[in-house]
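Residue strings, one per chain:
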Amino acid sequence: MADLSVVVDGLKLPNPFVIGSGPPGTNANVIGKAFDEGWGAVICKTVSLDASKVVNVQPRYGRLRAADSNEIIGWENIELISDRPFETWIDEFKQIKDKYPDRILIASIMEEFRRDEWVEIVERCQEAGVDAFECNFSCPHGLPERRMGSAMGENPEILEEVCSWVMEAAKVPVWAKMTPNVTHIEEPSRAALKAGCQGIAAINTIRSVIGVNLDTLRPEPSVEGYTTPGGYSCKAVMPIALRMCMEIATLIGKEFPGRSLSGIGGVESGKDAAQFILLGCDTVQVCTYVMKVGYRCVRAMKDELSAFMEQHKFNSIAEFKGMSLQYFTTHFDLVARQAAARRKTAATQGQSLKADGEWRGDDFVKQSDSLARG
Ligand SMILES: Cc1cc2nc3c(=O)[nH]c(=O)nc-3n(C[C@H](O)[C@H](O)[C@H](O)COP(=O)(O)O)c2cc1C
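Within every chain, residues take consecutive numbers counted from 1 along the sequence as written. Totals for whole chains, interfaces and linings use all residues, but because this is a predicted model, local features are given only for residues with pLDDT of at least 70 and pairs of side-chain atoms are given and counted only at 80 or more. Hydrogens and waters are ignored; side-chain quantities use all the structure's heavy atoms.

## A look at the overall build of the protein chain
Then comes step 1: Only DSSP runs of H or I covering at least 4 residues are called helices, and only runs of E covering at least 2 are called strands; the numbering of each starts at the N terminus. Check the secondary structure of the protein chain and you find 13 helices and 14 strands.
Then comes step 2: In this treatment the radius of gyration is a C-alpha quantity, and the globule benchmark scales as 2.2 Å times the residue count to the 0.38 power. Taking 21 Å as the expected radius of gyration for a compact globule of 374 residues, we find that the protein chain reaches 22 Å, a close match to that expectation.
Then comes step 3: Counting only C-alpha atoms, the protein chain reaches 70 × 55 × 40 Å along its principal axes.
Then comes step 4: Relative accessibility under 20% of the residue-type maximum defines a buried residue, over 50% an exposed one, and the middle range a partly exposed one, all with a 1.4 Å probe and only protein chains included. Across the 374 residues in the protein chain, those meeting the buried criterion constitute 53%.

Okay, structure coming up:
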């Protein structure tokens, strides 16, 4: 087995696989299960000081399946943050740290736009022994109605101010979790890093409508006949998450060297994780896949990541972190590179389509295939 251990913001993880905030980290029982199965760290379900305002509905998930295999490839949720009292969480943080003193427990926190509340939640969680914070600036449903979650994450000015309150109080590392529901994810990321956060986590779920039931004509998930747009996760979101992580990693490299990045979105295997790390992530988080298959999947993920490292003779995660970022360039540059390559080999053969005028209706799919990879 290759050495999968990582040190991120001073936190020592046995491997980079982290339980992402959500049902898989929703109480001490399941957090213990995650540690027992070998997860590198756990981020708890997002907590707030006053859980009495949090009321969930059922059903609250909608799923998209592949037509042929029936595999779940997309998952929408309209779930809120934790509905469990803050005092219960504080007791459970202590219990978990007593039982697993060497394991990394990260508190996901969220509050309204009030300095005192952010300071209080940080101080009380760190007194209970959590190892780090992830500030949830990113849930796309329910909470924005209270100017929480992605309502903050979409506004770099507010975000910078809230992050600075958190940084005043925090004695442990702080990650800011980004919403993907913005045009340029670098802007809120820059605001959080400017305020001093040690790292960025990305992405939370993508605002979505999973579908409309053609028998009832009601959009899903239907609650008493009605719904509200939710957050999309699972395998289908990974390309979007990879793009955003690439952009944040590039920003970190240019303007904030040394800060960390935790990649999230559709991770289901060690090979998926390797791709996030190649694009600059220190750790990868997994939420929906654990809901699909259970906690044991981390074993196969570790084996697959280890096999990838052995194949390329990488001795550590640090050795290949960010290695693929160098292969992004502009489209203009791609054209120039291809022209130069063709001049060199004088190769015009093998080009399946030289210009748009050559597309033909009868061979359309064949021609599309000829231009694709994968
Ligand atoms: C049912 C469900 C509940 C979630 N709850 C939270 C939450 O409380 N706080 C949070 O920061 N993210 C929450 N998330 C978002 C995940 O942590 C993660 O960012 C997102 O789902 C993408 O990763 P995935 O494809 O591995 O699930 C939730 C996701 C799901 C599916």
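There's plenty left to go through after this.
## Remarks on the state of the cysteines
Then comes step 1: Cysteine sulfur atoms that come within 2.5 Å of each other are treated as a disulfide pair. By the definition in use, this model includes 0 disulfides.
Then comes step 2: Among the cysteines around Cys-197, which has no disulfide bond, Cys-163 carries the closest sulfur, lying 3.7 Å off.
Then comes step 3: Lacking any disulfide linkage, Cys-234 is separated from the closest cysteine sulfur, that of Cys-287, by 10 Å.

## Here we look at the site of the ligand
Then comes step 1: Being near a molecule or strand, for a residue, means having at least one of its heavy atoms within 4 Å of it. Near the ligand there are 23 residues, and of these Ser-21, Thr-46, Lys-177, Gly-266 and Thr-288 occur at the shortest range.
Then comes step 2: The separation between a nitrogen atom of the ligand and a polar side-chain atom of Asn-204 is 3.4 Å.
Then comes step 3: Here the ligand loses 99% of its free accessible area of 610 Å² to cover by the protein chains.
Then comes step 4: Using protein atoms alone on a 1 Å grid, points that fit a 1.4 Å probe yet trap it form a cavity, whereas open point sets bounded by protein on both sides within 12 Å along at least five of seven lines form a pocket; residues with an atom within 4 Å of a point count as lining. In this description, a molecule resides in a pocket or cavity if more than half of its atoms sit within 2 Å of the grid points defining it. In this structure the site holding the ligand corresponds to the largest cavity.
Then comes step 5: For the shell around the ligand, the residue count by class is 8 nonpolar, 12 polar and 3 charged. Pairing of N or O atoms within 3.5 Å defines a polar contact, subject to two protein rules: one partner must be a possible hydrogen donor and the other a possible acceptor, and residues neighboring in sequence count only if both atoms are side-chain atoms. The Shrake-Rupley method, run with a 1.4 Å probe sphere, supplies the accessible areas, and residue values consider only the shown protein chains as cover. Residues were grouped as follows: Ala, Val, Leu, Ile, Met, Phe, Trp, Tyr, Cys and Pro as nonpolar; Asp, Glu, Lys and Arg as charged; and all remaining residues, including Gly, as polar.

## Comments concerning the packing of aromatic side chains
Then comes step 1: Any pair of Phe, Tyr and Trp rings, taking the six-membered ring for Trp, is counted once the centres come within 6.5 Å. Such a pair is stacked with planes under 30 degrees apart, edge-to-face with planes over 60 apart, and tilted for the rest. Under the defined criterion, the tally for this structure stands at 9 aromatic pairs.
Then comes step 2: Taken together, a centroid distance of 5.9 Å and an interplanar angle of 50° make the contact between Phe-308 and Phe-314 tilted. For the pair Phe-308 and Phe-314, a shared accessibility class is recorded, and that class is buried.
Then comes step 3: Here a set of aromatic residues connected by ring pairs shows up, and it is made of Phe-308, Phe-314 and Phe-320.
Then comes step 4: Note on geometry: a ring has a charge over it if NZ (lysine) or CZ (arginine) is within 6 Å of the ring centre and within 35 degrees of the ring normal. Seen from the ring of Trp-89, Arg-84 lies directly overhead, with NZ or CZ sitting 5.1 Å from the centre.
Then comes step 5: Sitting over the ring of Tyr-226, Arg-218 keeps its end group 5.7 Å from the ring centre.

## Focus: the pairing of strand E12 (residues 230-233)
Then comes step 1: Here, any two strands with at least 2 DSSP bridges between them count as paired. As paired strands, strand E6 (residues 72-77) and E12 are joined by 3 bridges and run antiparallel to one another. Note on E12: the bridge partner recorded for Trp-75 is Ser-233.
Then comes step 2: Here 3 bridges tie strand E11 (residues 206-208) to E12, and the two strands are oriented antiparallel to one another. Looking at the pairing, Ile-206 lines up with Tyr-232 of E12.

## Side note on the packing of helix H6 (residues 186-194) against helix H7 (residues 238-255)
Then comes step 1: One way to put it is that H6 packs onto H7 with a least axis distance of 10 Å and a crossing angle of 45°. Accordingly, the angle class assigned to the pair H6 and H7 is oblique. Two packed elements cross with a definite hand, and for H6 against H7 that hand is right-handed. Facing Glu-186, Ser-189, Arg-190 and Leu-193 of H6, the residues of H7 in contact are Glu-247, Ile-248, Leu-251, Ile-252 and Glu-255.
Then comes step 2: When grouped by side-chain class, the residues that make up the contact of H6 with H7 number 4 nonpolar, 1 polar and 4 charged. Under this scheme, a helix contributes an axis fitted over its contacting stretch, all axes are lines through C-alpha atoms, and angles between N-to-C directions fall in the 0 to 180 degree range. Any angle that falls under 35 degrees is termed roughly parallel, while one over 145 is termed roughly antiparallel, one within 65 to 115 roughly perpendicular, and all others oblique. In this scheme the handedness of a crossing depends on how the near helix is turned from the far one: anticlockwise by less than a right angle means left-handed, clockwise means right-handed. In this analysis, two residues are considered to be in contact whenever any of their non-hydrogen atoms come within 4.5 Å of each other.

## Re a nonpolar patch on the surface
Then comes step 1: Each patch groups residues whose relative accessible area exceeds 30% and which form no salt bridge, using 9 Å between like charges and 5 Å between nonpolar side chains of Val, Leu, Ile, Met, Phe, Trp and Tyr. Salt bridge, as applied in this entry: a Lys or Arg side-chain nitrogen positioned within 4 Å of an Asp or Glu carboxyl oxygen. Side chains of Trp-359, Phe-364, Val-365 and Leu-371 sit close together on the surface and give an oily, nonpolar patch of about 390 Å² of accessible area.
Then comes step 2: Counting through the fold element by element, Trp-359 comes out in the loop between helix H12 (331-345) and helix H13 (364-370).

## Let's talk about the sheet that holds E12
Strand pairing in a sheet takes place through backbone hydrogen bonds and is either antiparallel or parallel in direction.
Then comes step 1: One open sheet accounts for 4 strands, arranged E5-E6-E12-E11; its pairing is antiparallel. Each having just a single partner strand, strand E5 (61-65) and E11 make up the two edges of the open sheet. Mean inter-strand twist for the sheet, computed between neighbouring axes without regard to direction, equals 35°.

## Some remarks on the sheet that holds strand E10 (residues 199-202)
Then comes step 1: Taken in spatial order, the 8 strands of this closed barrel run E3-E4-E7-E8-E9-E10-E13-E14, and their pairing is parallel. Neighbouring strand axes in the sheet, compared pairwise and without regard to direction, differ in orientation by 25° on average.
Then comes step 2: Direction of pairing for strand E9 (residues 174-177) relative to E10: parallel, over a ladder of 3 bridges. Its bridge partner lying in E10, Ala-176 is registered against Ile-200.
Then comes step 3: Running over the sheet, H7 touches E10 and strand E13 (260-264) and is turned about 175° from E13.

Without other data, these values stay purely geometric and don't point to any function.
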